[in-house]
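The chain contents come next:
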Amino acid sequence: MIAVLEGSGNKLKKEPQNVNEKETEKTNNEKKDEMKKGFFKKVWYSIDKIDKYSELSAEGLKSAIKYLAILMLIIALISGMATIYRTSLKIKDIAKYIDEKAPELTYKDGTLSVDNQDIITDENENFGKIIVDTNTDDEQTINKYVNDVNDEENAVIILKNKLILKEANVSGTTNYNYKDLFGELGITEFNKADLINYLSGSGMSKLYLNLFLVLFMYAFAMYLINTLFYVILISTIGYLATMILRLKIRYVAIFNMGIYSITLSTILNMLYIGLNAFYPYKIGYFEVMYVLIASIYMIAAIFILKMEFDKKQGQVQKIVEVEKEVKEEIKNNERKQEEKNKDTENKETKKKKEEENTEDGEEPEGSNA
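The present account deals with the structure reproduced in this document. Given the structure is predicted, the values throughout are model-derived calculations rather than measurements.

1. What to know about a negative patch on the surface
Then, number 1: Residues E334, E338, E339 and D343 make up a contiguous surface patch of negative charge.
Then, number 2: You can see E339 is positioned in helix α11 (residues 286–359).
Then, number 3: Overall, the relative accessible area of 46% leaves E339 in the partly exposed class.

2. Brief notes about the sheet that holds strand β1 (residues 105–108)
Then, number 1: The strand order β2-β1-β8 describes an open sheet built from 3 strands, whose pairing is antiparallel. Among the strands making up the open sheet, the edge pair consists of β2 (111–114) and β8 (189–191). Going across the sheet, the axis of each strand differs from the next one's by a mean of 10 degrees, ignoring polarity.
Then, number 2: The pairing of β1 with β2 spans 4 bridges and is antiparallel. Following the sheet pairing, K108 is matched in β2 by T111.

3. Some details on the nonpolar core
Then, number 1: Ranked by internal contacts, the top residues of the largest apolar core, which has 38 residues, are Y53, Y67, I234, M257, I259 and I262.
Then, number 2: Of all elements in the fold, only α2 (39–48), α3 (53–58), α4 (61–100), α8 (204–244), α9 (251–261), α10 (263–278) and α11 reach the threshold of two or more residues within this core.
Then, number 3: In contact with I259, other than residues within four places in its own chain, are A64, I65, Y67, L68 and V231.
Then, number 4: With 25 residues, the next largest nonpolar core counts I98, I130, F182 and L199 among its residues.

4. A look at the sheet that holds strand β5 (residues 155–158)
Then, number 1: Pairing is mixed across the open sheet formed by 5 strands, whose spatial order is β3-β4-β5-β6-β7. Both edges of this open sheet fall to β3 (120–124) and β7 (174–177), since each of them pairs with a single strand only. Here the strands of the sheet are splayed against their neighbours by 15 degrees on average, with no regard to which way each runs.
Then, number 2: Note that strand β6 (residues 162–166) and β7 share 4 bridges and pair antiparallel. Looking across to β7, one finds that K162 is bridged to N177.

5. Details of the side chain of T242
Then, number 1: Relative to the elements of secondary structure, T242 occurs in helix α8.
Then, number 2: For T242, a relative accessible area of 2% translates into the label buried.
Then, number 3: Contacts of T242, omitting those with residues within four sequence positions, involve L247, I249, I254 and I302.

So, how was this worked out
- Residues numbered from 1 in each chain as written.
- Predicted model: local features only at pLDDT ≥ 70, side-chain atom pairs only at ≥ 80, totals over all residues.
- Heavy atoms only, no water.
- Patch = residues over 30% accessible without salt bridge, like charges linked within 9 Å, V, L, I, M, F, W, Y side chains within 5 Å.
- Areas by Shrake-Rupley, 256 points an atom, 1.4 Å probe, with all protein chains shown as cover.
- Salt bridge = Lys/Arg side-chain N within 4 Å of Asp/Glu carboxyl O.
- Lys, Arg positive; Asp, Glu negative; His and termini not counted.
- Charge placed at Lys NZ, Arg CZ, Asp CG, Glu CD.
- Helix = DSSP H or I, 4+ residues; strand = E, 2+ residues; numbered from the N terminus.
- Buried < 20%, exposed > 50% of the residue type's maximum accessible area, 1.4 Å probe, protein only.
- Pairing = 2+ DSSP bridges.
- Axes fitted to C-alpha atoms, helices over the stretch in contact; angles between N-to-C directions.
- Core = buried A, V, L, I, M, F, W, Y, C linked by side-chain atoms within 4.5 Å.
- Contact = heavy atoms within 4.5 Å.

Spelled out as C-alpha cells, the structure:
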C-alpha cells in the first residue's frame, strides 16, 4: 500500500513539472509571436519608432531580407505601372502625329516605305527632332543622322528597316529592328490606317502586359541590387559609429537595422516615381538625399542603443553599490554580534569564577564579610 502511494506520489510530482514546462513553452511561443511583426507594422516602426530597431533587428537576417524583398516588389510594381502609363501616353501621341503629319506609309516583310522621296525633318514637343528617310541604306548617311541628333534630348530617326531613338538622360542611341519589333506582336504588314487603328485600339493591351512583366522583373532586380548596395554603405557608417561610441554590436545586427533605416527613403522614392508618371520633374541630388535620410535613421538608432546601454550600466552600477553597502552592513552587524557574544562570554566566565571562589570558601571580591 505504501509502495502504491509512493508511486502515485511520484506521478503527482511529475504532472506539475509537465504543466510548468507546457506553460513555459507557451510563454516562449507567445513572446516569439509578439516579437514577429507584420510588414505594415514594421514599416510604421521603421519610420516612427527608431527605438524599436533593436527589436526588429532581433528577428534575424532572414526576416529583414524578406521585408526588403517586399519593399522592392512594391517599388518595382509602381515603377512598372508608371512606365507603362507614360508609354501609353507616348504611343497615343505617336498615333496622333502619324495621323496628322505623316505621309502614307506601308510596311511589309521587315521593310518600311514612305510615300515621299524627300528626307522629312520635323521638330516635335514630345519626341524632339524627327528624321524620316526610308530610301537610304548608306551607313555614312545614317551615321550623319545620328550625329545630327547627338545634342538633342529626344530624337527619332525612322529608316527603311529600323528605328533609332535618342532619349533624355540616356547616353547614345537605341536601335530597334522592325522585323524583331513587329514580329513579337505577330505583325507582318500594315499601312498608315492600320497602324493608327492598332496604336489607338485595344490590340496594344497585350503589348503593354508583356512590357509590364519585363519591366517589373527588371526593376525588381535592379532596385534590389542598388538598395542592397546602399544598405551595405549605411550599415558600414553605422558600424563605424558603434566603434566610435565603443558599443559592441555584431555587424549582421547593424546590417538588419540598415535595411529598416532605408524604409522612408524607399517610400519617398516610390512617391517620386509615381508623381513623375503624371508630372515629369527631376529632383537634383535625389540619391544623396536618399542615403542621407537613411544614414540619419541609422545613427539615431545607434545613439538610442548607446543611451539604453549606458542607462542599464548605470542601473547595474547602482545595484552593485547597494549590494556592497548591504554586505558592509551585514559585516558590521556580524562584527557587533561577535563583540556582543564575546562580552557575554567574558561576563559568564567571570561570574563562573566568582561562583567557584565562593564555593571554595573564599570571600567574593569587594565583600567586607
